[in-house]
Amino acid sequence: MTGYYDMHTHILPGVDDGARDLQETMEMLYQAYLEGIRHIVVTPHFALDSRNMPVRELMDKFEEVKRVALHTVPAMDFSLGNELMNSTGMVNALNEGRALTLGGTSYILVEFLPKDSYRKIYASLHNYIMNGYIPIVAHVERYDALIRRTDRMDELINIGVLFQMNTNSLVGGKRRRNVSYHRMLLEEGYIHLLGSDCHRSDSRSPLMRGALQDLPGELLNSGAMQAVLAENPKKILADKYI
Ligand SMILES: [Fe+2]
């Protein structure tokens, strides 16, 4: 299968800790193409306590990448957003257009610190929702407060939160305890989206097919997986509820 969506990437050249220059961006795009990815959601980091590239410049870079990509990977589609580091004031930054939602929709990709408390995570996500945004928690498998706490994930799903998992969290063989736990989360419908969270062409590179090919056939062909790979990304980018 091709036509995968990569919902979390750092491919814009010289913007964050992702691609260092346009050549690396193009290498990553080609790698993504070989992984079967055909739609890349570009999500450079945005943190209120850092220097962020102004949206206008970000958009210029995004357009430049799309233009050059026409020659290397003409079948690729792109959307622009941010990976937002959760903090007080982020809603204002979104409302004022200094920080970006995913492809101009109501959906936002939000990351937390690994040690953030559940209380803080819950309150922050609730606040985004109360302000009209639909939060997708980036690499949900990373937070101490949510690891092996599907009860908490249930609670968050019930208020409208979605979860993204990194594809490299599915790799490593069945014997790695975390990998089987991550697969269980997928199987049980706790994961709504996958992303490679790619940063470089030589390490943390775009990974999709390589992570999926080892999954058991039952899981790959399940309804939950079809939703994760195709239906959910389409609905999100069309700003529809999933
Ligand atoms: Fe990221």
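The structure under discussion appears in the preceding block.
Residues numbered from 1 in each chain as written. Predicted model: local features only at pLDDT ≥ 70, side-chain atom pairs only at ≥ 80, totals over all residues.

Colleague: Before we go on, may I ask you to explain the overall build of the protein in this structure?
Modeller: For the protein, the count of helices and strands is nine helices and nine strands. What you see for the protein is a C-alpha radius of gyration of 17 Å, in line with the 18 Å of a compact globule of 242 residues. By principal-axis analysis of the C-alpha atoms, the protein measures approximately 45 × 40 × 30 Å. Evaluated residue by residue, the protein yields a buried proportion of 38% over its 242 residues. Across the protein, every contact between residues at least 6 apart in sequence was considered, and the portion connecting residues at least 24 apart equals 75%. (Helix = DSSP H or I, 4+ residues; strand = E, 2+ residues; numbered from the N terminus. Rg over C-alpha atoms; globule rule 2.2 N^0.38 Å. Buried ≥ 20, exposed ≤ 12 C-beta atoms within 10 Å, placed from the backbone. Contact = placed C-beta atoms within 7 Å.)

Colleague: Got a minute to help me understand the sheet that holds strand E6 (residues 107–111) in this structure?
Modeller: Whether parallel or antiparallel, the strands of a sheet pair through hydrogen bonds between backbone atoms. If you walk across this open sheet you meet the six strands as E3-E5-E6-E7-E8-E9, and the pairing is parallel. The strands lining the two open edges of the sheet, one partner per strand, are strand E3 (45–46) and strand E9 (193–195). When strand E5 (residues 83–85) meets E6, the two strands line up parallel, connected through three bridges. For Glu83, the partnering residue across the bridge sits in E6 and is Leu109. (Pairing = 2+ DSSP bridges.)

Colleague: Quick question: what am I supposed to make of the pairing of strand E2 (residues 37–42) here?
Modeller: Within a regular beta strand, the side chains point alternately toward one face of the sheet and then the other, so they alternate between its two faces. As defined by bridge partners, strand E1 (residues 4–9) adjoins E2 across four bridges and the pair is classed as parallel. Its bridge partner being in E2, Asp6 is matched across the sheet by Ile40. At this point the chain moves from E1, through helix H1 (residues 22–34), to the parallel E2, and the crossover so formed is right-handed. Here E2 runs beside strand E4 (residues 77–80); their pairing, made up of four bridges, is parallel. Within E4, the residue paired with His39 across the bridge is Asp77. (Right-handed = clockwise from strand over helix to strand, strands pointing away.)

Colleague: Help me understand the environment of Tyr181, please; the structure alone is not making it clear to me.
Modeller: Its location among the elements puts Tyr181 in helix H6 (residues 177–187). Along the sequence, Tyr181 and Ser169 sit 12 residues apart, while their C-alpha atoms lie 9.7 Å from each other.

Colleague: Where do I start with the nonpolar core in this structure?
Modeller: Among soluble globular proteins, nonpolar side chains are generally buried collectively. Counting 60 residues, the largest nonpolar core has Ile11, Ile108, Val110, Ile136 and Phe163 as the members making the most contacts within it. Those residues in contact with Val110 that sit more than four places away from it in its chain are Leu84, Asn86, Tyr128, Pro135, Ile136, Val137 and Ala138. (Core = buried A, V, L, I, M, F, W, Y, C linked by C-beta atoms within 7 Å.)

Colleague: Please clarify how the packing of H1 against helix H2 (residues 55–72) should be interpreted in this entry.
Modeller: Each pair of packed helices gets described by two things: the angle between the helix axes and the distance between those axes. It is at 10 Å that the axes of H1 and H2 come closest, and there the two elements cross at 50°. Of the possible angle classes, the one that applies to H1 and H2 is oblique. Helix-helix and strand crossings are classified by hand; for H1 and H2 the assignment is right-handed. Across the interface between the two elements, Leu22, Thr25, Met26, Leu29 and Tyr30 of H1 pack against Val65, Val68, Ala69 and Thr72 of H2. When the residues that make up the contact of H1 with H2 are grouped by side-chain class, the tally is seven nonpolar, two polar and no charged. (Axes fitted to C-alpha atoms, helices over the stretch in contact; angles between N-to-C directions. Parallel < 35°, antiparallel > 145°, perpendicular 65-115°, else oblique. Left-handed = near helix turned anticlockwise from the far one by under 90°. Nonpolar A, V, L, I, M, F, W, Y, C, P; charged D, E, K, R; others polar.)

Colleague: What is the right way to read unusual backbone geometry from this model?
Modeller: Here Arg148, not a glycine, exhibits a phi torsion of approximately 55°, which is positive. You will see that Arg204, though not glycine, has its phi angle at about 45°, which is positive. For Arg204, the position within the fold is in the loop between E9 and helix H7 (209–212). Overall, Arg204 belongs to the partly exposed group, with 17 C-beta atoms counted inside 10 Å.

Colleague: Help me understand helix H4 (residues 118–130) in this model?
Modeller: Residue pairs three or four apart in sequence face the same way in an α-helix, which turns once every 3.6 residues. Between the first and last C-alpha of H4 there are 18 Å, a value that for 13 residues agrees with the 18 Å anticipated at 1.5 Å per step. Within H4, burial applies to Ile121, Leu125 and Tyr128. Looking down the long axis of H4, one finds its buried residues gathered within 55° of arc, a one-sided arrangement. Among the exposed residues of H4, those pointing more than 90 degrees away from its buried face are Arg119, Ala123 and Met130. Lining the buried residues of H4 we find helix H3 (90–95), E6, strand E7 (134–137) and helix H5 (150–158). Count one or two residues on from H4 and you reach Gly132, which has phi positive near 90°. (Expected span 1.5 Å × (residues − 1). Arc of directions from axis to C-beta.)

Colleague: Please explain the pairing of E7 as it appears in this structure.
Modeller: In E7, alternate side chains face the same way, and those of Ile134 and Ile136 on one face and Pro135 and Val137 on the other are all buried. On the question of chirality, the crossover connecting E6 to the parallel E7 by way of H4 is right-handed. Here E7 runs beside strand E8 (residues 162–166); their pairing, made up of two bridges, is parallel. What sits directly across from Ile136, in E8, is Leu162. Taken together, E7, H5 and E8 constitute a β-α-β crossover, and its handedness is right-handed.

Note that every value here comes from positions in space, so none of it alone points to a role or purpose.
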